[in-house]
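Chains, contacts and geometry: an overview
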Amino acid sequence: MQYATPPEQLDDIPDVRYRAVFISDIHLGTRTSQAHALLEFLRTVEADTFYLVGDIVDFWKVRRGPHWPQAHNDVLQKLLRKVRKGARIIFIPGNHDEGLRDFCGMHFGGIEIHQSCVHLTATGRRYIVMHGDEFDIVVRNAKWLAFLGDRGYETALWLNNPLNWIRRHLGLGYWSFSAYLKNRVKKAVAFIGAYEEAVAGEARRHGADGIICGHIHFAADRNIGDVHYLNCGDWVESCTAIVESHEGELRLVHWAADATWSQSKSVPEPTYAVG
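Here we summarise the structure given alongside this text. Throughout this document, residue positions are counted from 1 along each chain, in the order its sequence is written. Only residues with pLDDT of at least 70 get local features here, since the model is predicted, and only at 80 or more are side-chain atom pairs given and counted; chain-wide, interface and lining totals rely on the full set of residues. Only hydrogens and water are set aside; all other atoms, that is, all heavy atoms of the structure, feed into the side-chain values.

Quick notes on the overall build of the protein chain
In plain terms, the rule: Here a strand is any run of E in DSSP of at least two residues, a helix any run of H or I of at least four, and the numbering for each starts at the N terminus. In this scheme, a residue with accessible area under 20% of its type's maximum is buried, one over 50% is exposed, and one in between is partly exposed, where area comes from a 1.4 Å probe on protein chains only. Two residues qualify as a contact provided that any one of their heavy atoms is within 4.5 Å of a heavy atom in the partner residue.
For the protein chain, the count of helices and strands is seven helices and twelve strands. Of all 275 residues assigned to the protein chain, the portion counted as buried reaches 53%. If you take every contact in the protein chain between residues at least 6 apart in sequence, the share linking residues at least 24 apart comes to 69%.

Here it is in structure tokens:
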């Protein structure tokens, strides 16, 4: 039986306040979602605006039979508490929660739902915010293949645990089997490069300074020509987010990379995925 977390345990102990925080690819409803890590992150940070950049709840998995422990409820409760305390939350559905795109333009419980939007930084720079699956050629041209890849990715993530149990007993470090498989496949089809170029091109077409997206589970903060490309990463393996300071600086933060924040002893590298 699951028991609700007492409200006082959901209270914030903020270490830092940002102007905006961008989070994507939590995949609540799956066993691989790092909901506990995200909950600790949300307890530690405050922001004027939180952007949920798609694949927050994994309805592909929910339809097959969800894994929904109390920590997944707590993440949703924490986000709603931030709304009640005055934060603005903008939700941009992804391909795993695409059914919610039917509600774009509406508000529910203080949460705004949009297909995409433009974020204006404190310095006046314009960034398009979108999940990014629109530019995934696998999802756009062969949806059945994306579903197959999703199941294979989930299996590969599950295999990480027993494989790394063996590696620890052999005195070896962390190694991500899922990352190895995904990197091999993506390199074979030159997926990542084409994806990032396509997303950057969208920013150029709209005359924006940059773009903030998710979807491929590969956190990034770099320039592609004249476009500032930022990818939020995910809360399945890499536990990353994009944050904007009150001075207008956008940067990538890695929760597990900071020993004062992390509860993890092994930090996997950000990896590619068909989100």
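A closer look at the sheet that holds strand β3 (residues 88-91)
How we decide: At least two bridges found by DSSP between two strands is the condition for calling them paired. Interaxial angles span 0 to 180 degrees and are taken between N-to-C directions of axes, which are lines fitted to C-alpha atoms, for helices over the stretch in contact.
With mixed pairing, the seven strands of this open sheet are ordered in space as β4-β5-β3-β2-β1-β11-β12. Looking at the sheet topology across the chains shown, the edges are occupied by β4 (107-108) and β12 (250-254). Against the sheet, helix α1 (residues 35-44) makes contact with β1 (16-23), β2 (45-52), β11 (240-244) and β12, and its axis sits at roughly 130° relative to β2, the strand it touches most.

Here we look at the packing of α1 against helix α3 (residues 70-84)
Going by this rule: Each angle receives one of four descriptions, namely roughly parallel if under 35 degrees, roughly antiparallel if over 145, roughly perpendicular if within 65 to 115, and oblique otherwise. When the near helix sits turned anticlockwise from the far one by under a right angle, the crossing is termed left-handed; a clockwise turn instead gives a right-handed crossing. Under the grouping applied here, Gly and all other residues not named as nonpolar or charged are polar, the nonpolar ones being Ala, Val, Leu, Ile, Met, Phe, Trp, Tyr, Cys and Pro and the charged ones Asp, Glu, Lys and Arg.
One way to put it is that α1 packs onto α3 with a least axis distance of 9 Å and a crossing angle of 20°. When the interaxial angle is binned, α1 and α3 end up roughly parallel. Considering only the axes of α1 and α3, their crossing is left-handed. Here Ala-35, His-36, Leu-38, Leu-39, Leu-42 and Arg-43 of α1 lie close against α3, whose contacting residues are Ala-71, His-72, Asp-74, Val-75, Lys-78, Leu-79 and Lys-82. Among the residues forming the contact of α1 with α3, the class breakdown is seven nonpolar, two polar and four charged.

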